[in-house]
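The primary structure of each chain is shown beneath.
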Number of protein chains: 2
Amino acid sequence: MAKKNVTLKDISRATGVHVSTVSRALTPNERSSLSDEVVKRIRETAKEMGYRPNRLASSLRTRKTMTVGVMIPDITNSVFPPIVRGMESALEPAGYASIQVNTDSDADREARLYDVLRERGVDGIINAAVHRTDPAVERIAEDIPVVTVNRKVEGSTIPAVISDDAGGVTSLVDYLSERGHKHIGHIAGPDTISTGVVRRTAFEEAMRRRGISNPAELISTATYFVEEEGARCADDLLDRNGGITALLCANDRLAIGALGALSRRGLACPEDISITGFNNVPFLDLIPPGLTTVQILQFDVGRTAAEILLKMMGAPDTGVPATTILPVSIDERGSVAPRHAQDRRRKRPLRVARRAG
Amino acid sequence: MAKKNVTLKDISRATGVHVSTVSRALTPNERSSLSDEVVKRIRETAKEMGYRPNRLASSLRTRKTMTVGVMIPDITNSVFPPIVRGMESALEPAGYASIQVNTDSDADREARLYDVLRERGVDGIINAAVHRTDPAVERIAEDIPVVTVNRKVEGSTIPAVISDDAGGVTSLVDYLSERGHKHIGHIAGPDTISTGVVRRTAFEEAMRRRGISNPAELISTATYFVEEEGARCADDLLDRNGGITALLCANDRLAIGALGALSRRGLACPEDISITGFNNVPFLDLIPPGLTTVQILQFDVGRTAAEILLKMMGAPDTGVPATTILPVSIDERGSVAPRHAQDRRRKRPLRVARRAG
DNA sequence: CCAGCTTACGCAATCGATTGCACACACCTA
DNA sequence: TAGGTGTGTGCAATCGATTGCGTAAGCTGG
């Protein structure tokens, strides 16, 4: 069925030169030591015969597969596809293909997938699924170049490309404060993931600067970045602390969950409670009341990570930045209202009931 | 840096047997002809030494890479990630990894990507990005197994796994008709893609059965499955035909675009115009008024395609179904209202203005 | 006119695993 | 005991491209 692929040997036979000469003629660098006439003749017949190099054979010999592994927690989480496209935009022009795998944040799966990638001889790995402490990836990183993206391994030397999580949270706290919010609750991300912790820490610091001595009371921590956890934490916070007028959520999915919890409680956003998200995933603008969120440069994060990996794979000793932080910006929408507007609308019985409960 | 990988030769040296014996001892099938004692000894030392077979070498010899190519138009289009996960769920347990590429529906890019996949020696291709007529994929399919997913190439023998597009559209027309809608407009998908044409054809037939002699007047065709085109076509239809009370859109993105166009015209959905989508992409339920849409089994479509490809790769002569059609169902939400409800609310001046404009 | 240096290319090993064939040895039968 | 039948391993070619080294031809200079 498969039409037999032409090999160097075939071209060698057709042109009458040795196979090694053919190889050199077809390699841009080596071409120099050959006569122009021979090179031309070889390249022409190669084209005529429709020669396509067999990368496997090449890889076996050179120990470079021109393939990178891309590890994602779950591609159905819409924050990741643009990141993947960003990587692709840098990898493909450089001649690299990528093997993509989804870890589902499952340690067993991760271990297996590392094996899969290693067996296939990937030249490097871009990992968007690392944990805050992650011995597995540190071990791999001793053998092959690794870059983490969107997250980082704490205290590790693995280069990371992330967004300005702390800056984003700080800006949000400022933004809410300027609108009169003092009791701001935080639905924190998992404490096993750097983004969760970095954003929470930034929240705590920002709140302390604003005179809140014990911000921990205003925090509820999600075990996963999923809507259900956002709802659970929102309920938790509102049960524990009736004075809260705003919820700063560690990402959009948690915020969407919080929105659901609010409406189930008969509360409106932003009239009763203001809410903010993080990431600005696609379609978010269409979900009422329009989540005010932090816009991260998903595509650029992916692209930058790929560029750094390319540099590492090209020259292993070249210095690359340990951490690259990309800027963020606040995308204002309808989910935040000034504090007094909220107070005016808020019905007193509701507050009493909350305190009693 | 990279700790040297153990090879068969290393194990051969350690155990004192020939490398070929080691190879056989480690291959489940071949093991039979060896003495149990030798097999046991070899497998044990192999484990001790941490042997990992070099797939490249193996692939070079066996001409099987245990890798498949996955072609997607654009992974940021949220209909595709679940499909990809479905494929993965079948491929990974079977020992296959996948190289994913995005075509952006660009012919040049596609051609290049086919080359990329072929050079890398993929054992098969799952293509979710084919066109209705697609000579490129037909050519490839002569050489290696190909399955198309979500779309199909018209009149081709390439196995396809799709959803019941026609059935879904027919059900929607019924659904709208039952609610009193007679003048149903259709925003059709691109006529270069099977889904676009199949859905449009189903619409035309369903309308004819309902006594509409020339349904073409009720159709506006999008050039791409994007929101802007949905908006443009919605405007087009409403301008051309003031009597329309419902818009059946070929997919969710077109429907979302149509929603936007409506509100820009000062029309409400569903009060003025009912709208339906197709695919039921994530988050769609959160976008008001909640798009009534066709639920397709994205994950299963992907999984089934992968299973068929596995069968083709395993036994090239085995018969596989030419077309596998997976069932769909209607997901009712708020974007469809009964016709008379619309009539009652609709303001007469608006209709006049439309006719005049 | 020949040593010595380039230039241009051929030779053969190599990457690591697979596999058809050969072969040695044990056992069995006539 | 010779011949036959297995069994369990070893040998070596092979997949296709890469690359260090060798070498013949051509050229330069003293």
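Criteria and cut-off values
Residues numbered from 1 in each chain as written. Chains lettered and ligands numbered in written order. Predicted model: local features only at pLDDT ≥ 70, side-chain atom pairs only at ≥ 80, totals over all residues. Heavy atoms only, no water. Helix = DSSP H or I, 4+ residues; strand = E, 2+ residues; numbered from the N terminus. Contact = heavy atoms within 4.5 Å. Near = heavy atom within 4 Å. Polar contact = N/O pair within 3.5 Å; in protein donor to acceptor, adjacent residues only side chain to side chain. Nonpolar A, V, L, I, M, F, W, Y, C, P; charged D, E, K, R; others polar. Expected span 1.5 Å × (residues − 1). Buried < 20%, exposed > 50% of the residue type's maximum accessible area, 1.4 Å probe, protein only. pLDDT = per-residue confidence, 0-100. Least-squares fit on C-alpha atoms with pLDDT ≥ 70 in both.

## Here we look at the environment of S194 of chain A
All names here are of chain A.
Thinking step 1. Positionally, S194 belongs in helix α9 (residues 194-209).
Thinking step 2. A sequence separation of 72 residues divides S194 from G266, and the C-alpha atoms of the two residues are 34 Å apart.
Thinking step 3. Not counting chain neighbours up to four residues away, the residues in contact with S194 comprise R132, R151 and K152.

## Structural notes on the protein's contact with DNA strand D
Thinking step 1. Neighbouring DNA strand D are 24 residues, the closest being L8 and R61 of chain A together with T21, V38 and R63 of chain B.
Thinking step 2. Each atom of DNA strand D within 4 Å of the protein was assigned to sugar, phosphate or base; sugar and phosphate come to 60%.
Thinking step 3. For DNA strand D, a base oxygen lies 2.7 Å from a polar atom in the side chain of R24 of chain B.
Thinking step 4. Between a base oxygen of DNA strand D and a side-chain N or O atom of R61 of chain B, the distance comes to 2.9 Å.
Thinking step 5. Listing elements by their share of the surface near DNA strand D, those giving two or more residues are α2 (19-26) and α4 (55-62) of chain A together with α2 (19-26) and α4 (55-62) of chain B.
Thinking step 6. Here the surface near DNA strand D takes 4 residues from α4 of chain A, the largest share from any one element.
Thinking step 7. For the surface near DNA strand D, a count of residues per class yields 8 nonpolar, 11 polar and 5 charged.

## A word on helix α10 (residues 227-240) of chain B
Thinking step 1. For α10 of chain B, spanning 14 residues, the distance from its first C-alpha to its last is 20 Å, which sits close to the expected 20 Å at 1.5 Å a residue.
Thinking step 2. The complete set of buried residues in α10 of chain B reads E227, E229, G230, A231, C233, A234, L237 and L238 of chain B.

## Some details on the confidence of the model for chain A
Atom-level detail of predicted coordinates should not be read off regions where pLDDT is low.
Thinking step 1. Scored by pLDDT, chain A comes out at a mean of 91, with 93% of its residues at no less than 70.
Thinking step 2. Throughout residues 344-357 of chain A the model reports pLDDT below 50, and contacts reaching past four residues in sequence, or to other chains, amount to 15 contacts.

## Considering the relation of the copies chain A and chain B
Thinking step 1. In screw terms, the move from chain A to chain B is a rotation of 180° and a rise of 0.1 Å along the axis, fitting with an RMSD of 0.0 Å. Such a turn and shift between the copies fits a two-fold axis.
Thinking step 2. The overlap is high: 100% of the interface residues of chain A also sit at the interface in chain B, so the same surface is used on both sides.

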